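Residue-level listing of the chains:
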Amino acid sequence: MCGIVGYMGKERAVDVLIEGLKRLEYRGYDSAGIAIQNGSGIELYKTKGKIRDLETIIPAGIGSVSKGIGHTRWATHGAPSTRNAHPHYIDGVAVVHNGIIENYREIRSFLEKEGVRFLSDTDTEVVPHLISYYLKQGYEDKQAILRTLTHLRGSYALGIMIESSQDRLYAVRNGSPLVVGLSEEEYFFASDIPALLPYTRRFIFLEDCHFCSIGSGGVEIEYIGDGLCKKVDVEGLIKEIDWSPSMAEKGGYEHFMLKEIYEQPRAVRDTINEWIDDPLKLLEELGITTKQMLEFNRLHIVACGTSYHAALVGRYIIEKLSRIPVDVDIASEYRYREPIIERGTLFISITQSGETADTLAAQREAKAHGARTLTICNVVGSTASREADSVLYTRAGPEIGVASTKAFTAQLAALALLGVALGIKKKRLTNGEVSTLKLQLKKVPELIERALKADETIKEISRSLTYARDFLYLGRGINFPIALEGALKLKEISYIHAEGYPAGEMKHGPIALVEEGVPSVFVAPVDELFSKTLSNMEEVKARGGRIIAVTDEPQYVEDKVDDVIAVPSAHPLFAPIVHVVPLQLLAYHIAVMRGCNVDQPRNLAKSVTVE
Ligand code: AGP
């Protein structure tokens, strides 16, 4: 997720761009840049670092400039650096981009065969090269851009400035947010409202396939989907927005955590889409050769906190699909127990931040023992990503809330992709099974959308749970790690004691905690262990406990439990990605009702960079 801004109008472009980027820094902040046009040519200023670092390289007396584009980056392809910073400027074409061009590798190799020399490692750079390619073939600006867009697959919000078009600025939306702001003889675009609130309250929320052309005469929008190019009524799209800047930064949500819970369909889609069509390409990208695959006889997956819970889910997925034995460990334990790391071990760390001290130490320990190391990480250029032999990036974007949500489901999506790829490589899956798995995994973002529709129901259920003292979270099989995750979410943001347990373990101790009204949350999709989970519910019910059931078949439990949270059915191996969502919402609403600081809970840090 990055932040883009564009401006055209009065002679204050540099100020508008810089101030706008500062208000978008929550979207990405590892590098930044602007491109401005003042009559003659385009000037480019960009640097690794924060917006304040960018300000230091912009000449003081740059004078009055009336047009420009800007970008603050959250790296997805290509480490944070000046050369990977946006705008990307090629032969008089400057581009800023938010999103992922999924097929950039094939476009890049096509252009390199045409003699194009790339300056960066980014996916974005293919865009100005393609526009320039078509301009050189004689297409005028708009057509050169439209032809370029026909090559792109993936999500993008683009800001485009072409040197030869001094009175034009272009913006395109497809899968990544983009708003247009309108004021007296001034026109703006940005990834999000906060960037433009100081200048206007009149916005157009561009839709997918909207091509926007901004000129001294105003804003023109055309719908360019389905091979069309149809004018859109601009006046009818204008909305007056009365959000405060703080509300706007959270996209209108009360907290970043809720915003990030609702971003999960996009986070999972972006993580899956890059590799789902050809999972074996993922192993190539990870540098895992067929020979190495034959050697791999054990995986160690190591992480902390929520990422550890993802690792536990990963074990079920990878062992089921590839039959490679998987050991899972908490990093702070792994690093001190002199782990037995034999030849043929693939070590996988899972870390949202890429900076967790215990996880880094465990990864270094494994590497020192000769294991091949792979990290599943959300931050390009982080320590874990630089030190591992290979990196499988989640595409969740910056996660601001301390309680991890979208990064977790993106980690599960990445583990699902890895499990399918390893299963194919180990020849454990038939073609039919692979097709089914791909189809089912592609459905997950839409299933998360459907799971989110239970939000109001969950909020109502939360009201009577707000002052409970103890919670049990219970699940069997692959649902057990989701029970652990649900318990962690609740305790870390509401400060209520909560324990996750294998439901089958109740009779070995935890059931002693159950008495009148003590809530037990069951993660209970109808799967091969459902009937056993039903028995566990009966055990709790018989002792007066309160039961909240998360299930895809409410009719089987309605008469046994106190509250039902319905979730859509999903492939058993991918169901955790969907069924964790109501548990995140339950924790969120209870914490809000208790008046807790949901985004920054007491005693916690977003990244634990110390032991
Ligand atoms: C999750 O909600 C917590 N914030 C915490 O457990 C976190 O998952 C853990 O500290 C690991 O962080 P990492 O993924 O950045 O390594």
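Everything that follows concerns the structure shown earlier in this document.
Quantities reported herein were computed from a predicted structural model and do not represent experimental measurements.

Chemist: Quick question: what am I supposed to make of the overall build of the protein chain here?
Modeler: The number of helices and strands found in the protein chain is 21 helices and 25 strands. Here the protein chain has a C-alpha radius of gyration of 25 Å; the compact-globule value for 611 residues is 25 Å, and the two agree. Principal axes of the C-alpha set define a box for the protein chain whose edges measure 80 × 55 × 45 Å. Here the protein chain holds 611 residues, and the buried ones make up 61% of them. Of all intrachain contacts in the protein chain linking residues separated by at least 6 positions in sequence, the fraction that spans at least 24 positions is 70%. Total accessible area computed for the protein chain in this model is approximately 23,200 Å², and 48% of it derives from carbon and sulfur atoms.

Chemist: When you look at the pairing of strand E2 (residues 31–37) in this model, what are you seeing that I'm missing?
Modeler: Along any regular strand the residues' side chains alternate between the sheet's two faces. Most of E2 is tucked away, with seven of its seven residues classed as buried. Residues Ser31, Gly33, Ala35 and Gln37 line one face of E2 and the alternating positions Ala32, Ile34 and Ile36 line the opposite face, and both faces are buried. The pairing of E2 with strand E3 (residues 42–48) spans seven bridges and is antiparallel. Bridged to Ala32 within E3 is Thr47. Once E2 ends, the chain turns through four residues before running back antiparallel as E3, passing Gly39 with a positive phi of about 85°. Alignment of E2 against strand E4 (residues 67–73), held across six bridges, turns out to be antiparallel.

Chemist: Mind showing me how you'd approach the packing of aromatic side chains here?
Modeler: Aromatic rings considered in pairs are described by the distance between their centres and by the relative angle of their planes. Within this structure, the stated rule accounts for eleven aromatic pairs. Measuring from centroid to centroid gives 5.5 Å for Phe188 and Tyr199, while their planes differ by 15°, and the two rings are stacked. Of this pair, Phe188 sits in strand E10 (residues 186–190) while Tyr199 is found in the loop between E10 and strand E11 (202–205), placing the two residues eleven residues apart along the sequence. Taken individually, Phe188 and Tyr199 each receive the classification buried, so the pair is uniform in this respect. These aromatic residues form a ring-pair network of at least three members: Phe110, Tyr133, Tyr134 and Tyr139. Sitting over the face of the ring of Tyr495, Arg602 holds its NZ or CZ atom 3.7 Å from the ring centroid.

Chemist: Whenever I open this one, the pattern of salt bridges confuses me. Can you help?
Modeler: Side-chain pairs of opposite charge can arise whenever the charged atoms involved come near each other. Summed over all chains, the structure comprises 35 salt bridges. We note a salt bridge from Arg83 to Asp121, for which the minimum N-O separation is 2.6 Å. One end of the pair, Arg83, is in the loop between E4 and strand E5 (88–90); the other, Asp121, is in the loop between helix H3 (104–113) and helix H4 (126–136), and 38 residues separate them in sequence. Under the relative-accessibility criterion, Asp121 is labelled partly exposed at 34%. Notably, a salt bridge pairs Glu295 with Arg343, separated by 3.7 Å at the nearest N-O pair. A residue pair is termed long-range when its members are at least 10 positions apart, and Glu295 in helix H10 (residues 290–295) and Arg343 in the loop between helix H12 (331–334) and strand E18 (345–351) qualify at 48 residues. When salt bridges that share partners are traced, they join Lys259, Glu263, Arg266, Asp270 and Lys406 into one network.

Chemist: Sorry if this is basic, but what is going on with the sheet that holds strand E1 (residues 3–8) here?
Modeler: Strand order across the open sheet formed by eight strands is E3-E2-E4-E1-E10-E9-E11-E15, with antiparallel pairing between neighbours. At either margin of the open sheet sits one strand with a lone partner, and together these are E3 and strand E15 (238–240). The average undirected angle you get between the axes of adjacent strands in this sheet is 20°. In the sheet, E1 pairs with E10 via four bridges, with the strands oriented antiparallel. By the bridge assignment for E10, Gly6 is matched with Phe189.

Chemist: Can you walk me through the site of the ligand in this structure?
Modeler: As a matter of local geometry, the ligand sits amid 13 residues, with Ser307, Thr351, Ser353, Thr356 and Glu492 nearest to it. With respect to the ligand, the backbone of Val402 contributes an N or O atom lying 2.8 Å from a nitrogen atom. Glu492 places a side-chain nitrogen or oxygen 2.5 Å from an oxygen atom of the ligand. About the coverage of the ligand: the protein hides 92% of its 410 Å² of free accessible area. Secondary structure elements with two or more residues in the shell around the ligand: helix H11 (305–322) and helix H18 (480–494). In terms of residues, the shell around the ligand owes the most to one element, H11, which gives three residues. When the residues that make up the shell around the ligand are grouped by side-chain class, the tally is three nonpolar, eight polar and two charged.

Parameters at a glance
- Residues numbered from 1 in each chain as written.
- Predicted model: local features only at pLDDT ≥ 70, side-chain atom pairs only at ≥ 80, totals over all residues.
- Heavy atoms only, no water.
- Helix = DSSP H or I, 4+ residues; strand = E, 2+ residues; numbered from the N terminus.
- Rg over C-alpha atoms; globule rule 2.2 N^0.38 Å.
- Buried < 20%, exposed > 50% of the residue type's maximum accessible area, 1.4 Å probe, protein only.
- Contact = heavy atoms within 4.5 Å.
- Areas by Shrake-Rupley, 256 points an atom, 1.4 Å probe, with all protein chains shown as cover.
- Pairing = 2+ DSSP bridges.
- Phe/Tyr/Trp six-rings, centres within 6.5 Å; stacked < 30°, edge-to-face > 60°.
- Lys NZ or Arg CZ within 6 Å of the ring centre and 35° of its normal.
- Salt bridge = Lys/Arg side-chain N within 4 Å of Asp/Glu carboxyl O.
- Axes fitted to C-alpha atoms, helices over the stretch in contact; angles between N-to-C directions.
- Near = heavy atom within 4 Å.
- Polar contact = N/O pair within 3.5 Å; in protein donor to acceptor, adjacent residues only side chain to side chain.
- Nonpolar A, V, L, I, M, F, W, Y, C, P; charged D, E, K, R; others polar.

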